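# Structural overview
Here is how the chains run, residue by residue.
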Number of protein chains: 4
Amino acid sequence: MDATDMSWLETSIAARKGAGWSRKPETHELTEAKQGRFHYTIGPYSDPVLTVRPGDRIVVETRDAFEGVIKTEQDKPTQKLRLPFVNPQNGPIMIEGAERGDTVAVLIEQMVPRGPNPRGTCCMIPEFGALTGTYYTATLNDPLPEVVRKVDLDEQWVKWTDRVTLPYKPHIGTLSLSPEIDSINSLTPDNHGGNMDLPDMGPGSITYLPVRTAGARLFIGDAHACQGDGEVCGVAVEYPTVTTIRVDLIKGWAIEWPRLEREDFIMAIGSARPLEDAARIAYRELVRWMVAEYDFDQWDAYMMLSQCGRVRLGNFVDPKYTVGAGILKTYLRKP
Amino acid sequence: MDATDMSWLETSIAARKGAGWSRKPETHELTEAKQGRFHYTIGPYSDPVLTVRPGDRIVVETRDAFEGVIKTEQDKPTQKLRLPFVNPQNGPIMIEGAERGDTVAVLIEQMVPRGPNPRGTCCMIPEFGALTGTYYTATLNDPLPEVVRKVDLDEQWVKWTDRVTLPYKPHIGTLSLSPEIDSINSLTPDNHGGNMDLPDMGPGSITYLPVRTAGARLFIGDAHACQGDGEVCGVAVEYPTVTTIRVDLIKGWAIEWPRLEREDFIMAIGSARPLEDAARIAYRELVRWMVAEYDFDQWDAYMMLSQCGRVRLGNFVDPKYTVGAGILKTYLRKP
Amino acid sequence: MDATDMSWLETSIAARKGAGWSRKPETHELTEAKQGRFHYTIGPYSDPVLTVRPGDRIVVETRDAFEGVIKTEQDKPTQKLRLPFVNPQNGPIMIEGAERGDTVAVLIEQMVPRGPNPRGTCCMIPEFGALTGTYYTATLNDPLPEVVRKVDLDEQWVKWTDRVTLPYKPHIGTLSLSPEIDSINSLTPDNHGGNMDLPDMGPGSITYLPVRTAGARLFIGDAHACQGDGEVCGVAVEYPTVTTIRVDLIKGWAIEWPRLEREDFIMAIGSARPLEDAARIAYRELVRWMVAEYDFDQWDAYMMLSQCGRVRLGNFVDPKYTVGAGILKTYLRKP
Amino acid sequence: MDATDMSWLETSIAARKGAGWSRKPETHELTEAKQGRFHYTIGPYSDPVLTVRPGDRIVVETRDAFEGVIKTEQDKPTQKLRLPFVNPQNGPIMIEGAERGDTVAVLIEQMVPRGPNPRGTCCMIPEFGALTGTYYTATLNDPLPEVVRKVDLDEQWVKWTDRVTLPYKPHIGTLSLSPEIDSINSLTPDNHGGNMDLPDMGPGSITYLPVRTAGARLFIGDAHACQGDGEVCGVAVEYPTVTTIRVDLIKGWAIEWPRLEREDFIMAIGSARPLEDAARIAYRELVRWMVAEYDFDQWDAYMMLSQCGRVRLGNFVDPKYTVGAGILKTYLRKP
């Protein structure tokens, strides 16, 4: 993201409300070495790896969702992986001054593939994905085969096959603050964030997450070099990155579910099953947001979103599914 | 749609496979008078109003989804409407030579608001919509209020309120061929088409529908001047139009669910509850399509859609919900 | 059902409200020959086979759900069946005087296996059933195998295998009046009745169905010699019967969904997807019923059903799923 | 439960497989004082309150689901309760020798109301329950009213109202071992047990739970004096008890989901959303159980359950819903 793209940030919610936005940010490194043990649950019971102040920048070395153990196309996911020990998370990062009822803003500034010859990994895991019987949608059918795909990539392209090259569209799959008392595996999204798999959550986006414990306890991981809506086979192009984020703290802004902002739209995010419940949550939060902060009448907002609301399907493969409901900022301007 | 936009049509599936594509089309008028009684079910039991040949053009006078009875913002939907007598359909139009196992292509050429001072109608109908208890998601809560919005519109804009003006993005909400033996109310989408509410189904799109009875029996109605993803309050900007379509017949191309083509993408369409099942159907059909006609290996198609598939939520308010799963044509090119 | 069991009928809803209950019933025969063509859709577009008066008895020769074409365990369902031509229905039977807003009561008096050496049929049909990917829960897994089981039975026992003998517990799987304008395939239950697959709907039960067209248009079929909750593999022990019913007409009793009464309980029936919606419909109807006719306060009824409501899962394999929510009559007694 | 009822236990799975069944049990008291702080999450991060040996008896003082704070019918749940601090659990109780891959058996011997004038509590909590919009099935409707009912009860009867008295049918709503790394709030059932709300889980039942951490970490709470199928309003007759259980350890019996045994049937238990997925899990587990331990062919088990399977709806109000699928032991007898 070059400097030009940054200009909208000055009018963002984070810029208007963030306690540390105008500070000169201190930059922290969260290397693999500093991280030590990665985490597979998001909760209040793990030891902090870093403490930052609102407005600070953090450069994070993320691992891929398989923690690098799927090295060749001959590897079998069932032999290399054991649930729930997948989707390793960096963190928890403590944000100074954060208390229940606040909101943390996470601006993703940059995502760079890590390593000398960066490759991403996609695979089919038995009884995981949208077009197969699963652990929860339990069937007696034989599972689909295990297939692994290792994919060369750089900051422009993902070389899917000799035939198809896809644009590099990096984003963070799993971004979370700690729940109040639960500790939730990193495969599951919910109102704390978690494994949302939203392609919008890439460089140039700000994600807003509700603080439920003192210090907020930020977790981040699960970088995707690209991903289609719904992540239909259950796996994106998973890869290790150096991801640069800037975090801020919005005191007293209590939100119930994660929210996202980009240059041209805002989005509320819901995660639930069945999928219509995820969409209901997202749209209700968006209606409430428009009423609380953009001077809309509730029924006007509801009926207007029926004309111009935009839905992004994050995933429908995780233990809960994720939907974002958004609206263009141009429709939010006050008269 | 001006002549320039039309050029891609020459490479469309309809152009390649349609029996009547290269014919000089005859143009038929399906006026209100010629239609006579509109229909509220899609099935094999109604009398044809028109018979056309593959490649013909039809200019259809559609009524709005409330058949014009909601005239002012003081009207009460519950007093003016009685289910299942809503969403009136033009048709059935017979297509010469169509037999079970064929596919009909419907190109939407143009949608023009009808009447001297065209207005659209949106409203909140008790126990209908996504953010309320409904007939099927039965609750004991008091219903939401009845609210009616009458909206001025033209071929460029929809004047939602003094504050917000939305672009005119017309599309057909309900497009169907007859099921084999069922006759299905026009509120419900399924594998015959029906009330899909996909914003993509506007001018410049071609919809492919499976033929299940002799003559195909095409129904069309439910024009929207614009609509957000999901049609969250249950109602779009409903309005009467003059809609121009061109129909063609693809002999021996047997599809199971509706499909859609635009200049830059193809899309498979599924309708079901819960919403994840609609998405599963759409994505499975898209995988199968890529395998059958674009030389993809099944697992490669499945995993690749996990990286570049695009999902459109039609509606999640009807008796069944609709999802389209698409892929850019650029990724389908053969090496 | 012997004479003793019949005694409770005199206190049934049908006895209290039925127009023809006290009439001496005329008995009609609806043989296969008289039926002629069986029906695969339930709707207003088929020709009546019989007209009866409220209170009359009808002796119906039903076919099994596969219309007898699966004759041996070597038959392949996919070779013998073609959807939607399964689950053949007797009818429509017209009930004199029935108009929209009335209710028809159907007392099942007796179900006797038909034929010299009666056998039932169970089978596994690819992509049908609860523990497999299906047409709607679309997966890419290989289908389950086709397996056919032919089962000897009599009026006491179903000889499932050498190892297991099950009690004969006959019931009607599909019982319907016509929808107002739709014609719905006989595989799908909804507010008109249809393929509910409730084991309670056997001899000694009265089913109440809402009248939506003049004459009511009663359809009946799909006899099961026994069935577990949910009909998990998609098929019960399907068999041909001579089924004796008595029909009555309750003028001006407008119900929205089917209801059922047995000696000791009443039950409201909902059909929808996802399954929780079927349960919501059933319980809401039961609450409303208790309020309207048994002098309960709405919130008291709701909270009390949370303590003593009883749920029967009909099926979760059809295009819509069916749940019955019931309460013992003993808790309905007025003080 | 008197001595006579106990006799079947000698043939139970626990008796055949349990490491401590034939030991003379030591009896432990887990009083409120000994418990100290009750728990609202089920996980590996809390401090044990007791360690027992396989076969031991534990007498537990449970609190009601509201921890006793709803004292009168004038109390407002929204003023007295704060999520997630509801449904307090006793435990964790460590079982000596338990390791991942084992199973713990919990026999409920007795449940006695606690306190001098025992009363139960039922209430309606805004946006909680099956017939209302909820946190996940998000709607814009006004919430239902808050209603509280305090109910006298004893070991025979629950005095619901002057009009209706219900039988005392006690059971444990929430029974769990710890997940491997997650810590899950006590409102949510899943494969670790949790808030299953199965009326079958009362005195005379044995529940089998999969061990996922060393020592098993047993939690117990949420006693109901009675409950209808589905717990439709979201709350049963919640009350404090003295509950006597006996725990045993089955080494090397690895189960994936909870199971239950009573004198005449066995049951597999699934928890998920949507509700059909809970039923799918339960039935698949039951098929697998019949194949692994009762010598059934897989397809025979599947088709036979379609004829004689029995479904219990636990609840469809929690963050995940619970279904039990069972079969009579009489059908499991080997030839």
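Residues numbered from 1 in each chain as written. Chains lettered and ligands numbered in written order. Predicted model: local features only at pLDDT ≥ 70, side-chain atom pairs only at ≥ 80, totals over all residues. Heavy atoms only, no water.

### Description of the interface of chain A and chain B
Listed by partner, the interface residues are 61 residues for chain A and 61 residues for chain B. Roughly 4,900 Å² is buried in total at the junction of chain A and chain B, and carbon and sulfur atoms are behind 65% of that figure. Broken down residue by residue, the surface that chain A buries against chain B is led by Arg163(A), Tyr302(A) and Gln307(A), which jointly contribute 18%. Its salt-bridge partner being Arg149(A), residue Asp300(B) comes within 3.2 Å of it at the nearest N-O pair. Here chain A and chain B share 41 residue pairs in polar contact (both at pLDDT 80 or more) between them. Of all the secondary-structure elements, those providing two or more residues to the side of chain A that touches chain B are β7 (119–124), β8 (147–153), β10 (166–167), α5 (275–293), α6 (298–308) and β19 (310–313) of chain A. Sort the elements by how many residues they give to the side of chain A that touches chain B and α6(A) lands first, with nine residues. Its residues assigned to classes, the side of chain A that touches chain B shows 38 nonpolar, eleven polar and twelve charged. (Contact = heavy atoms within 4.5 Å. Buried area = accessible area lost by both parts, 1.4 Å probe. Salt bridge = Lys/Arg side-chain N within 4 Å of Asp/Glu carboxyl O. Polar contact = N/O pair within 3.5 Å; in protein donor to acceptor, adjacent residues only side chain to side chain. Helix = DSSP H or I, 4+ residues; strand = E, 2+ residues; numbered from the N terminus. Nonpolar A, V, L, I, M, F, W, Y, C, P; charged D, E, K, R; others polar.)

### Brief notes about the relation of the copies chain A and chain B
Take chain A, turn it by 180 degrees, move it 0.0 Å along the axis, and it overlays chain B with an RMSD of 0.0 Å. Classification of the inter-copy transformation places it as that of a two-fold axis. By C-alpha distance to the rotation axis, the residue of chain A lying nearest is Leu275(A), at 2.7 Å. By residue overlap, the copies meet face to face through one surface: 100% of the interface positions of chain A are interface positions in chain B. (Least-squares fit on C-alpha atoms with pLDDT ≥ 70 in both.)

### Describing the sheet that holds strand β13 (residues 193–195) of chain D
All names here are of chain D. Pairing is mixed in the open sheet, where five strands are placed in the order β3-β5-β15-β11-β13. Single-partner strands in this sheet number two, and they are β3 (50–52) and β13. Each strand axis lies, on average, 35 degrees off the axis of its neighbour in the sheet, ignoring direction. For strand β11 (residues 171–177) and strand β15 (residues 218–224), the ladder comprises six bridges, and the chain directions are antiparallel. Across the sheet, the residue bridging to His171 is His224, located in β15. (Pairing = 2+ DSSP bridges. Axes fitted to C-alpha atoms, helices over the stretch in contact; angles between N-to-C directions.)

### Let's talk about the relation of the copies chain B and chain D
After a rotation of 180 degrees and a shift along the axis of 0.0 Å, chain B superposes on chain D with an RMSD of 0.0 Å. A shared interface surface links the copies, since 100% of the contact residues of chain B are contact residues in chain D too.

### Brief notes about the confidence of the model for chain A
Looking at chain A as a whole, the pLDDT averages 97, with 99% of positions reaching at least 70. Interface predicted TM-score (ipTM) for the complex: 0.98; the corresponding pTM is 0.98. (pLDDT = per-residue confidence, 0-100.)

### Examining α6(A)
Structural remark: α-helix, 3.6 residues per turn; residues separated by three or four positions point the same way. Counting buried positions along α6(A) gives ten out of eleven residues, so the element sits mostly inside the fold. Among the residues of α6(A), Trp299(A), Asp300(A), Ala301(A), Tyr302(A), Met303(A), Met304(A), Leu305(A), Ser306(A), Gln307(A) and Cys308(A) are the ones counted as buried. Residues of α6(A) that are buried make contact with α5, β19 and β20 (321–328) of chain A together with β7 (119–124), β8 (147–153) and β10 (166–167) of chain B. At the N-terminal end of α6(A), a side-chain oxygen is found 3.0 Å from the backbone nitrogen of Trp299(A), two or three residues along, and the residue is Asp297(A). (Buried < 20%, exposed > 50% of the residue type's maximum accessible area, 1.4 Å probe, protein only.)

### Topic: helix α4 (residues 275–293) of chain B
In a regular helix each residue adds 1.5 Å, so 19 residues correspond to 27 Å; α4(B) covers 27 Å between its end C-alpha atoms and thus fits that length. Within α4(B), 15 of the 19 residues are buried, which leaves it mostly tucked inside the rest of the structure. (Expected span 1.5 Å × (residues − 1).)

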